[in-house]
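Report on the structure
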Amino acid sequence: VTRLAGARGGPAAMEAREPLRDVRGALRAVLARLREGEPSEGREPFELPRFWDALGQTFQVTSQEATKLSLAFSRPPLPSAENCRKLSEDVQNAILAVATVYYWLPKGQGTTLRKMVRDATTEVVEGMIQLTDTILNAPVESLSQEQLISTGGVWEACEQVSNLPRGEYNQAAVVSALAASLGVVKDAVEEMEHALVEGQDPYGDIMEDEELGFRGNRDTYWSEADRQLLSSCMGLMKASKACLKKLLAAVKAHGKADSPEHIAQLDDLADIANEISPSVDELALSMYPPVNPLAVRLNVSICSASLMNFLPFCRTSHVCPPSEEGWVQFLTGAVDHNMNKVKNFTQGQL
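Conventions and cut-offs
Residues numbered from 1 in each chain as written. Predicted model: local features only at pLDDT ≥ 70, side-chain atom pairs only at ≥ 80, totals over all residues. Heavy atoms only, no water. UniProt positions renumbered as here; feature names shortened; annotations may be inferred. Helix = DSSP H or I, 4+ residues; strand = E, 2+ residues; numbered from the N terminus. Buried < 20%, exposed > 50% of the residue type's maximum accessible area, 1.4 Å probe, protein only. Contact = heavy atoms within 4.5 Å. Areas by Shrake-Rupley, 256 points an atom, 1.4 Å probe, with all protein chains shown as cover. Expected span 1.5 Å × (residues − 1). Patch = residues over 30% accessible without salt bridge, like charges linked within 9 Å, V, L, I, M, F, W, Y side chains within 5 Å. Salt bridge = Lys/Arg side-chain N within 4 Å of Asp/Glu carboxyl O. Lys, Arg positive; Asp, Glu negative; His and termini not counted. Charge placed at Lys NZ, Arg CZ, Asp CG, Glu CD. Disulfide = S-S within 2.5 Å. Polar contact = N/O pair within 3.5 Å; in protein donor to acceptor, adjacent residues only side chain to side chain. Axes fitted to C-alpha atoms, helices over the stretch in contact; angles between N-to-C directions. Parallel < 35°, antiparallel > 145°, perpendicular 65-115°, else oblique. Left-handed = near helix turned anticlockwise from the far one by under 90°. Phe/Tyr/Trp six-rings, centres within 6.5 Å; stacked < 30°, edge-to-face > 60°. Lys NZ or Arg CZ within 6 Å of the ring centre and 35° of its normal.

Where an unreviewed UniProt entry is consulted, the chain appears under the name CCDB1 protein, with the organism given as Emberiza fucata. Listed under Sequence similarities (unreviewed entry) in UniProt, the entry text for the chain is "Belongs to the CCNDBP1 family."

1. Digging into the overall build of the chain
A tally of helices and strands in the chain yields 12 helices and 0 strands. The N-to-C order of helical and strand elements in the chain reads α-α-α-α-α-α-α-α-α-α-α-α. When each of the 350 residues of the chain is scored for burial, the buried share is 49%. A separation of at least 24 residues holds for 83% of the contacts in the chain among residues at least 6 apart in sequence. As displayed, the chain offers around 17,600 Å² of accessible surface, 52% of which is attributable to carbon and sulfur atoms.

2. A short note on helix H9 (residues 260-273)
With 14 residues, H9 extends 20 Å between its outermost C-alpha atoms, agreeing within 8% with the 20 Å of an ideal straight helix rising 1.5 Å per residue. Looking only at H9, the buried set comprises His262, Ile263, Gln265, Leu266, Asp267, Leu269, Ala270, Ile272 and Ala273.

3. Some thoughts on a negative patch on the surface
There is a patch of like negative charges on the surface, built from Asp187, Glu190, Glu191, Asp281 and Glu282. Counting only elements with at least two residues in the negative patch, the list comes to helix H7 (170-195) and helix H10 (276-286). Looking at the negative patch, the element that brings in the most residues is H7, giving 3 residues. Note on Asp281: relative accessible area 35%, which makes it partly exposed.

4. So, the pattern of salt bridges
Applying the stated criterion to the full structure yields 8 salt bridges. One salt bridge in this structure joins Asp133 and Arg24, with 2.7 Å as the shortest N-O distance. Remark: Arg24 occurs in helix H2 (residues 18-36) and Asp133 occurs in helix H5 (residues 111-137); sequence separation between them is 109 residues. Overall, Asp133 belongs to the buried group, its relative accessible area being 15%.

5. Some points on the side chain of Asn299
Among the structural elements, Asn299 can be located in helix H11 (residues 293-316). The residues contacting Asn299, other than those within four sequence positions of it, are Glu282, Leu283 and Ser286.

6. Some remarks on the state of the cysteines
This structure, assessed with the given rule, holds 0 disulfides. Unpaired in terms of disulfides, Cys243 finds its nearest cysteine sulfur in Cys314, a separation of 7.2 Å.

7. A short note on the environment of Asn170
Summarising the element assignment, Asn170 is placed in helix H7. Among the residues examined, Asn170 registers a relative accessible area of 0% and is labelled buried. In sequence terms Asn170 and Arg114 are 56 residues apart; their C-alpha atoms lie 8.6 Å from each other. Residue contacts for Asn170: discarding those within four places in its chain leaves Gln109, Gly110, Thr111, Thr112, Leu113, Ala257, Ile263, Leu266 and Asp267.

8. Re the environment of Gln109
With respect to the helices, strands and loops of the structure, Gln109 is situated in the loop between helix H4 (81-104) and H5. Taking the C-alpha atoms as reference, Gln109 lies 6.1 Å from Asn170; in sequence the two are 61 residues apart.

9. Re the environment of Tyr103
With respect to the secondary-structure elements, Tyr103 resides in helix H4. In the structure, Tyr103 is positioned 15 residues away from Arg118 in sequence and 9.1 Å away in space, judged by C-alpha atoms. Within polar-contact distance, the side chain of Tyr103 engages the backbone oxygen of Arg33 at 3.2 Å.

10. As for the packing of H7 against H10
Helix-helix packing is characterised by the crossing angle of the two axes and by the distance between the axes. Interhelical geometry of H7 versus H10 gives an angle of 15 degrees and a closest axis separation of 9 Å. Here H7 is positioned roughly parallel relative to H10, judged by the angle of their axes. Classified by chirality, the crossing of H10 by H7 is left-handed. Of the residues in H10, those touching H7 at Ser181, Val184, Val185, Ala188 and Met192 are Ser277, Val280, Asp281 and Ala284.

11. A look at the packing of aromatic side chains
What characterises a pair of aromatic rings is the spacing of the ring centres plus the angle enclosed by the ring planes. Here the structure, examined in full by the defined rule, presents 3 aromatic pairs. Its end group placed over the ring of Tyr103, Arg33 keeps NZ or CZ at 4.6 Å from the ring centre. Between the NZ or CZ atom of Arg50 and the centre of the ring of Trp104, over which it lies, the distance is 4.8 Å.

12. Let's talk about the packing of helix H3 (residues 48-72) against H4
Axis separation between H3 and H4 bottoms out at 9 Å; the angle between their running directions is 160 degrees. By the angle between their axes, H3 is roughly antiparallel relative to H4. For the crossing formed where H3 meets H4, the hand is left-handed. The segment H3 lies against H4, with Arg50, Phe51, Ala54, Leu55, Thr58, Phe59, Val61, Thr62, Glu65, Lys68, Leu69 and Ala72 engaging Leu87, Asp90, Val91, Ala94, Ile95, Ala97, Val98, Val101, Tyr102 and Trp104.

Here's what the structure looks like:
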């Protein structure tokens, strides 16, 4: 970003920046439409390779236009009002091209894929709006750190197109979504396993407070009864991890996007799986001392409900042929077992 360093010109900069106000308004309108609207099915046959090529090109052009705009306002002589109008038009046209290519993507290709592409597209538009805001609000005589950061933000957003899943239509997007959910659950399980090491203080990484002195409050430690309760909670968290891991493998092996029904099933699997990771996170937070057994039970119930909604749908979907039914049955039993153990531990609290 240092290539943008330099000094600004005189008072004519205020006039030169005026066309940017109009383009900022236009970009905000594009952003609102992206957030609220949906692509149409379109009349021409959809070609996925052509779509990805066009999307990559429009993102690249947008990155270049952001660079040109920022450089124009980073050093003297500043652009004239006429030149600024040309720069603004080029920025607007680049953003309109990005949005147009997104709208090529039909609904029938899957909601998971469309959401990922829409998120990437809106991030680019938001970055360009931020850059125009920064230029309009920056001091006339100096290049602000905010402008450097905003320009880099547009570059980074435009580079994200290379990270979008480009496999077989919606299947690759669902694989990516499942992998993200699995990563969250893995982190939660590992963190809680580390904290539950016998004799370890879960708040051991918190420094002593000079005024409060050493922490002698037993509420910062788990009792033996707490550990027995949390053992079943860990069983449920591990079952959640296993569910997502098994489903991810099943989607990679058997997932298809060759019919509207299969595409819809993949989307539903991604949506239901997406409910598991936040429920595991909430359960993990409730497990830290001081433990409220009823709060733990409530979060266990929510997590179990997510899994019990998830597993039957897996079994009836096309990604679970007879060869995959064993793990669905086993994990259903594991979820039920750990839920019942938590109920027994907390029954006296009701």
